[in-house]
Amino acid sequence: MAGAVEAKLAELGLTLPDVVPPLASYQPAVRSGAYVYTSGQLPMVDGKLAVTGKVGAEVTADEAKELARTCALNALAAVKSVAGDLDRIAGVVKVVGFVASASDFTGQPGVINGASELLGAVLGDKGVHARSAVGVAVLPLDAPVEVEIQVELTEA
């Protein structure tokens, strides 16, 4: 039976995806005490990148914002894989977003808003977080966006 967080996802027309398998030697998420740290999540859909390229060149800022939203969904799936239930999220502590950017693109915060806004829509006040939005030259597999999150869990 899905909990309240997954019911909210469904209300928004979203489904929690399967955990994206690691591309190298790491785990999608690791728990340390009351915290879950996700690895960087790419905008993978059904095992492949939805779009590739640099934001501000091959990928528009609006497209990238949607991709950041996909990354956040993948991050929630990774959290669930170690927490067991998304309803255990006490709060999102930190979001870090990386944007593969054309040399003149400076809209990284707007792109990563896709992830932040999704977390807020799904988790309400528990989705409020600190954040970094960083422009980079290139990301794995030529992904336009990568997002990682840190969440605090409630007691089981």
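To be clear, the structure that these remarks concern was listed above.
Residues numbered from 1 in each chain as written. Predicted model: local features only at pLDDT ≥ 70, side-chain atom pairs only at ≥ 80, totals over all residues. Heavy atoms only, no water.

A. The arrangement of the side chain of Asn74 in detail. Of note, Asn74 is situated in helix H2 (residues 61–83). We classify Asn74 as buried; its relative accessible area is 2%. The contact partners of Asn74, leaving out residues within four places of it in the chain, are Pro17, Val20, Gln41, Leu42, Pro43 and Met44. (Helix = DSSP H or I, 4+ residues; strand = E, 2+ residues; numbered from the N terminus. Buried < 20%, exposed > 50% of the residue type's maximum accessible area, 1.4 Å probe, protein only. Contact = heavy atoms within 4.5 Å.)

B. Geometry of the environment of Asp62. Here Asp62 lies in helix H2. Between the C-alpha atom of Asp62 and that of Gly110, which follows or precedes it by 48 residues, the distance is 8.6 Å.

C. Summary view of the packing of H2 against helix H3 (residues 108–123). Running from N to C, H2 and H3 point in directions that differ by 45°, and their axes come no closer than 7 Å. On the basis of their axis angle, the class for H2 and H3 is oblique. The way H2 lies across H3 gives a crossing that is right-handed. Packed against H2, whose contacting residues are Ala61, Ala64, Lys65, Ala68, Arg69, Ala72, Leu73 and Leu76, the element H3 presents Gly110, Val111, Ile112, Asn113, Gly114, Ala115, Glu117, Leu118, Leu119 and Val122 at the interface. Broken down by class, the residue content of the contact of H2 with H3 amounts to 12 nonpolar, 3 polar and 3 charged. (Axes fitted to C-alpha atoms, helices over the stretch in contact; angles between N-to-C directions. Parallel < 35°, antiparallel > 145°, perpendicular 65-115°, else oblique. Left-handed = near helix turned anticlockwise from the far one by under 90°. Nonpolar A, V, L, I, M, F, W, Y, C, P; charged D, E, K, R; others polar.)

Such coordinate-based values are descriptive only and should not be taken to indicate function.
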